[in-house]
Amino acid sequence: MVSGKGRRLLVTGGAGFIGANFVHHVLRTRPNDHVVVFDKLTYAGNLANLADVSDDPRYAFVHADICDAGAVERVLSAHGIDTVVNFAAETHVDRSIDDPEAFIRTDVNGTYTLLEAARAKGLRYHQVSTDEVYGHVAEGASRETDPVAPRSPYAASKASGDLLVHAYHVTYGLHTTISRGSNNVGPYQYPEKAVPLFSTNALEGLPLPVYGDGRQERDYQWVGDHCEAIDLIVDRGPAGEAYNVGTGTSIQNLTMVDIVLETLDRPRSLVRHVTDRPGHDRRYAIDTAKLQALGWRSRHTPEQAVAMAAAWYRDNEAWWRPIKSGEFRAYYDRMYGGRAVLPAGG
Ligand code: NAD
Ligand code: TYD
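What comes next is a walk through the structure. All of these numbers come straight from a predicted model, not from anything done at the bench. All residue numbers here refer to positions counted from 1 along the written sequence of the relevant chain. Labels are handed out in written order, letters beginning with A for the chains and numbers beginning with 1 for the ligands. Since the coordinates come from a predicted model, pLDDT governs what is reported: local features require at least 70, and pairs of side-chain atoms require 80 or more to be given and counted, while whole-chain, interface and lining totals use all residues. Remark: hydrogens and water are excluded; side-chain values derive from all non-hydrogen atoms of the structure.

Observations regarding the site of ligand 2
Next up, step 1: We define proximity as follows: a residue is near a molecule or strand when any one of its heavy atoms falls within 4 Å of that partner. As a matter of local geometry, ligand 2 sits amid 20 residues, with E132, P209, R218, R277 and Y336 nearest to it.
Next up, step 2: At 2.9 Å, a backbone N or O of A194 approaches an oxygen atom of ligand 2.
Next up, step 3: One of the backbone nitrogen or oxygen atoms of P209 is found 2.7 Å away from a nitrogen atom of ligand 2.
Next up, step 4: Here, Shrake-Rupley sampling with a 1.4 Å probe gives the accessible areas, and only protein chains in the shown set may cover a residue. Its free accessible area being 510 Å², ligand 2 has 97% of it covered by the protein chains.
Next up, step 5: By residue class, the composition of the shell around ligand 2 is 9 nonpolar, 5 polar and 6 charged. Any pair of nitrogen or oxygen atoms within 3.5 Å is treated as a polar contact; in protein, a donor-acceptor pairing is required on top of that, and neighbouring residues in sequence qualify only through side-chain atoms on both sides. Under the scheme applied here, ten amino acids are nonpolar (Ala, Val, Leu, Ile, Met, Phe, Trp, Tyr, Cys and Pro), four are charged (Asp, Glu, Lys and Arg), and all others, including Gly, are polar.

Here you go:
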């Protein structure tokens, strides 16, 4: 445990959704920790997510790419980093179907670059991964000992990262841990993902594009719960271990949509069933017993998490309005323009 004297964390991808929430969590709850955010600022990276910590003397920001070995080495040395927490990734399944290249580059090669740097300096390394590496789960719940069986280019790139991380532990003795989180919801999530897309579309009076019949199942968890789990695993997780992180309950997308509409007091007539995502994983479900044994409990149900997230978008229009009028608009036309509208019920 390095928390007693305070950790010096490199948080890659810290200007994105979960990374920024993690930075807030650490600076709020760990007075002795220092945090350096290392982020390429892709379309998903946004310094507005970190505006309220920018004056904190325990925080620094470096604009760079995790695939750039020289930049990684320089930041590790300059800031005396002892722990790398890797959030940096291309993260949206639909974009990975459209063009997988950036996913292989960042999620696989970028992970490799960080692992090499951590190995050279003997640092702790935590990989933020996803339950999507297990692929579609017809029944029951995935455990950490289950084989990975990814089915989208995104999930495959994340599973590849996990395999490299594990290999670096086994082969080189690197102190690695992995967290496999379910779908996160909450502040600062780019509105390409379902919950912020549906919330902001509803607020704008636009249709909510539900893929297929909408009966796919996801374990929607509150991002703050996930950040607490990552912090605990980084601090206390034994080397070489992976942990599932989620509520342990999955709900249908149609239920999620109803909660969004109810929270925002918008009509169900906004729902449009549209052409499904190719290879769409019907169900994710994870068993979180291993992390509970480490002392963590999810504090919110999926229903609470979705309602809290929708309310955040209602109350923080100034955050999402500029995003939806920028790069996002071309993306939305490309991704949704050609989708057929299906009869109600998909
Ligand atoms: P995000 O898309 O909101 O943010 C990704 C961040 O990484 C951005 O700030 C971006 O600028 C940065 N980035 C991308 N490529 C980079 C590169 N080459 N070098 C440096 N920075 C780069 O992502 P998120 O939703 O916050 O996800 C964070 C991590 O959590 C990812 O590894 C993702 O796979 C994992 N995860 C996400 C979810 C979810 O529901 N969003 C669930 C489980 C796990
Ligand atoms: P998403 O937020 O993209 O997360 P993931 O695919 O990584 O789980 O999507 C969550 C669920 O919502 C998933 O089943 C796909 C579905 N979805 C829609 O029905 N319509 C949409 O426009 C989007 C983006 C997602």
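With respect to the pattern of salt bridges
Should their charged atoms come close, side chains of opposite charge can pair.
Next up, step 1: Think of a salt bridge as a Lys or Arg side-chain nitrogen and an Asp or Glu carboxyl oxygen that are within 4 Å of each other. All chains considered together, the criterion is met by 25 salt bridges.
Next up, step 2: Across the pair R95 and E327 runs a salt bridge whose closest N-O atoms are separated by 3.0 Å. Taken together, the residues R95 in helix α3 (residues 93-98) and E327 in helix α12 (residues 327-336) connect sequence positions 232 residues apart.
Next up, step 3: For R299, the salt bridge identified is with E228, shortest N-O distance 3.1 Å. Of the two residues, R299 sits in the loop between α9 (289-293) and α10 (302-315) while E228 sits in helix α7 (residues 223-236), which places them 71 residues apart along the sequence.
Next up, step 4: Note on classification: 1.4 Å probe, protein chains only; a residue is buried when its accessible area is under 20% of the maximum for its type, exposed when over 50%, partly exposed between these limits. Judged by its relative accessible area of 57%, R299 falls in the exposed class.
Next up, step 5: In the salt-bridge network here, residues are joined through shared partners; they are R7, R30, D33, D231 and D235. Strands here are runs of E lasting at least two residues and helices are runs of H or I lasting at least four, both read from the DSSP assignment and numbered beginning at the N terminus.

Brief notes about empty space enclosed by the protein
Next up, step 1: Cavities and pockets are found on a 1 Å grid laid over the protein atoms alone: a cavity is a set of points where a 1.4 Å probe fits but cannot escape, a pocket is an open set with protein on both sides within 12 Å along at least five of seven lines, and a lining residue has an atom within 4 Å of such a point. Grid points are joined across faces, edges and corners, and a volume is the space filled by probe spheres set on the points. Enumeration over the complete set of coordinates arrives at 3 cavities of 30 Å³ or more.
Next up, step 2: Approximately 40 Å³ is the volume attributed to the second largest cavity.
Next up, step 3: If you go around the second largest cavity, the residues you meet are V93, E132, S152, R218, R277, P278, G279, H280, D281 and Y284.
Next up, step 4: A class-by-class count of the residues in the lining of the second largest cavity yields 3 nonpolar, 3 polar and 4 charged.

Observations regarding the sheet that holds strand β3 (residues 59-63)
By definition, the strands of a sheet pair up through backbone hydrogen bonds, in either a parallel or an antiparallel sense.
Next up, step 1: The 7 strands are arranged β3-β2-β1-β4-β5-β6-β11 in an open sheet whose pairing can be described as parallel. In the strand order of this sheet, the two ends are held by β3 and β11 (241-245), each with one partner. The average undirected angle you get between the axes of adjacent strands in this sheet is 20°.
Next up, step 2: Strand direction decides the pairing type here: strand β2 (residues 34-39) and β3, joined by 5 bridges, are parallel. The residue bridging V36 from the neighbouring strand is A60, located in β3.
Next up, step 3: Any two residues whose heavy atoms approach within 4.5 Å are treated as being in contact. Convention adopted: a line fitted to C-alpha atoms gives each axis, helices being fitted over their contacting stretch, and angles between N-to-C directions are expressed from 0 to 180 degrees. With respect to the sheet, helix α4 (residues 101-121) is in contact with β1 (8-12), β4 (83-86) and β5 (124-130), its orientation differing from that of β5 by roughly 160°.
Next up, step 4: Sitting on the sheet, helix α5 (residues 153-172) touches β5 and β6 (176-181), and the angle it makes with β5 is about 155°. Should DSSP find at least two bridges between two strands, the strands are regarded as paired.

A look at the packing of aromatic side chains
Any aromatic ring pair is given by two values, namely how distant the centres are and how the planes are angled relative to each other.
Next up, step 1: Aromatic pairs are defined between Phe, Tyr and Trp rings, using the six-membered ring for Trp, whenever the two ring centres lie within 6.5 Å; interplanar angles under 30 degrees are classed as stacked, those over 60 as edge-to-face, and all others as tilted. Scanning the entire structure with this criterion turns up 14 aromatic pairs.
Next up, step 2: Between the aromatic rings of W312 and W319, the centroid separation amounts to 5.5 Å while the plane-to-plane angle is 65°, which identifies the pairing as edge-to-face.
Next up, step 3: Grouping aromatic residues by their ring pairs yields a cluster made of Y43, Y190, Y211, F328, Y331, Y332 and Y336.
Next up, step 4: The ring of Y172 carries the charged tip of R119 above its face, separated from the ring centre by 3.8 Å.
Next up, step 5: By definition here, charges over rings are those cases where NZ of Lys or CZ of Arg is within 6 Å of the ring centre and within 35 degrees of the ring normal. Sitting above the plane of the Y336 ring, R339 keeps its charged end 5.5 Å from the centroid.

Quick notes on the side chain of S96
Next up, step 1: Among the structural elements, S96 can be located in helix α3.
Next up, step 2: Of note is the side chain of S96, whose polar atom sits 3.0 Å from the backbone nitrogen of Y154.
Next up, step 3: Other than its neighbours up to four places away in sequence, S96 contacts F103, S152, P153 and Y154.

Remarks on the packing of helix α1 (residues 17-29) against α7
To describe two helices that pack against each other, one gives the angle between their axes and the distance between the axes.
Next up, step 1: One can describe the packing of α1 onto α7 by two numbers: an axis separation of 9 Å at closest approach and a directional angle of 65°. Note on packing geometry: the crossing formed by α1 with α7 is right-handed. Two secondary-structure elements touch here, α1 through F17, I18, N21, F22, H25 and T29 and α7 through V223, H226, C227, E228, I230 and D231.
Next up, step 2: Across the contact of α1 with α7, the residue classes break down as 6 nonpolar, 4 polar and 2 charged. Put simply, a crossing is left-handed when the front helix is turned counterclockwise from the back one by less than a right angle, and right-handed when it is turned clockwise.

Points about the site of ligand 1
Next up, step 1: Around ligand 1 sit 29 residues, and of these I18, D39, T91, Y154 and K158 come closest.
Next up, step 2: Separating an oxygen atom of ligand 1 from a backbone N or O atom of I18 is a distance of 2.7 Å.
Next up, step 3: One nitrogen or oxygen atom from the main chain of I66 is found 3.0 Å from a nitrogen atom belonging to ligand 1.
Next up, step 4: About the coverage of ligand 1: the protein hides 97% of its 840 Å² of free accessible area.
Next up, step 5: Counting only elements with at least two residues in the shell around ligand 1, the list comes to α1, β5 and α5.
Next up, step 6: The leading source of residues in the shell around ligand 1 is β5, at 3 residues.
Next up, step 7: Of the residues in the shell around ligand 1, the class split is 12 nonpolar, 13 polar and 4 charged.

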